[in-house]
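Structural overview
The lines below spell out each chain.
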Amino acid sequence: MPKFFFHLRDETFLEDPDGSELPDLAAALASAKEDVRSLISERVRSGRLVGPAIMFIADETGADLASVSFKEVLSESAPWICE
């Protein structure tokens, strides 16, 4: 099973050193969106600003395969927020 790494760029760059084994890129995208939803929820609960941030999905060679932005997830979940 391939391993995917989920790196987060917001005010800083947080690298995922361990990665996760998932069946394919579609599963990695679904996982990234769920992780981003959790991060947004955590920031809102703690009173922090939900600013522009992106989660990058990379493979074991370090190549970026896809990305998921906080804005993308918010617009899917609550489109009225991003209008």
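See the structure printed just above.
Anyway, here's the lowdown on the structure attached to this text. Only a predicted model underlies this, so the values are computations on that prediction, with no experimental measurement involved.

Rules of the game
Residues numbered from 1 in each chain as written. Predicted model: local features only at pLDDT ≥ 70, side-chain atom pairs only at ≥ 80, totals over all residues. Heavy atoms only, no water. Buried < 20%, exposed > 50% of the residue type's maximum accessible area, 1.4 Å probe, protein only. Helix = DSSP H or I, 4+ residues; strand = E, 2+ residues; numbered from the N terminus. Pairing = 2+ DSSP bridges. Salt bridge = Lys/Arg side-chain N within 4 Å of Asp/Glu carboxyl O. Core = buried A, V, L, I, M, F, W, Y, C linked by side-chain atoms within 4.5 Å. Contact = heavy atoms within 4.5 Å.

1. With respect to the pairing of strand β1 (residues 3-9)
Counting buried positions over the 7 residues of β1 gives 5, a clear majority of the element. Bridge analysis of β1 against strand β3 (residues 20-21) gives 2 bridges, and the strand direction is antiparallel. The partner of Lys3 across the bridge, within β3, is Glu21. With 5 bridges connecting them, β1 and strand β4 (residues 54-58) associate as antiparallel partners. Across the sheet, residue Phe6 finds its bridge partner in β4, namely Ile57. Bridge count between β1 and strand β2 (residues 13-14): 2 bridges; the pairing is antiparallel. Residue pairing across strands places Arg9 opposite Phe13, the latter belonging to β2. Taking the residues that link successive antiparallel strands as the turn, the β1-β2 hairpin has 3 residues.

2. Re the pattern of salt bridges
The tally for this structure, following the rule as stated, stands at 3 salt bridges. Taking the shortest distance from any N to any O, the salt bridge between Asp10 and Arg43 comes out at 2.4 Å. Of this pair, Asp10 sits in the loop between β1 and β2 while Arg43 sits in helix α1 (residues 25-45); the two residues are 33 residues apart in sequence, bridging distant segments of the chain. Of the two residues, Asp10 and Arg43, neither departs from the other in class, the shared state being buried. Between Lys33 and Glu72 there is a salt bridge whose closest N-O contact spans 3.9 Å. Of this pair, Lys33 sits in helix α1 while Glu72 sits in helix α2 (residues 70-77), and the two are 39 residues apart along the sequence. Relative accessible area serves as the criterion here: at 28%, Glu72 is assigned to the partly exposed category.

3. Structural notes on the nonpolar core
Counting residues in hydrophobic clusters, the biggest one holds 16 residues, and the most contacted among them are Phe6, Val36 and Ile57. Among the secondary structure elements, those contributing two or more residues to this core are β1, α1, β4, β5 (64-69) and α2. Looking at which element gives the most residues to this core, the answer is α1, with 4 residues. The contact partners of Ile57, leaving out residues within four places of it in the chain, are Phe4, Phe5, Phe6, Leu25, Ala28, Leu29, Ala32, Ala63, Asp64, Leu65 and Ala66.

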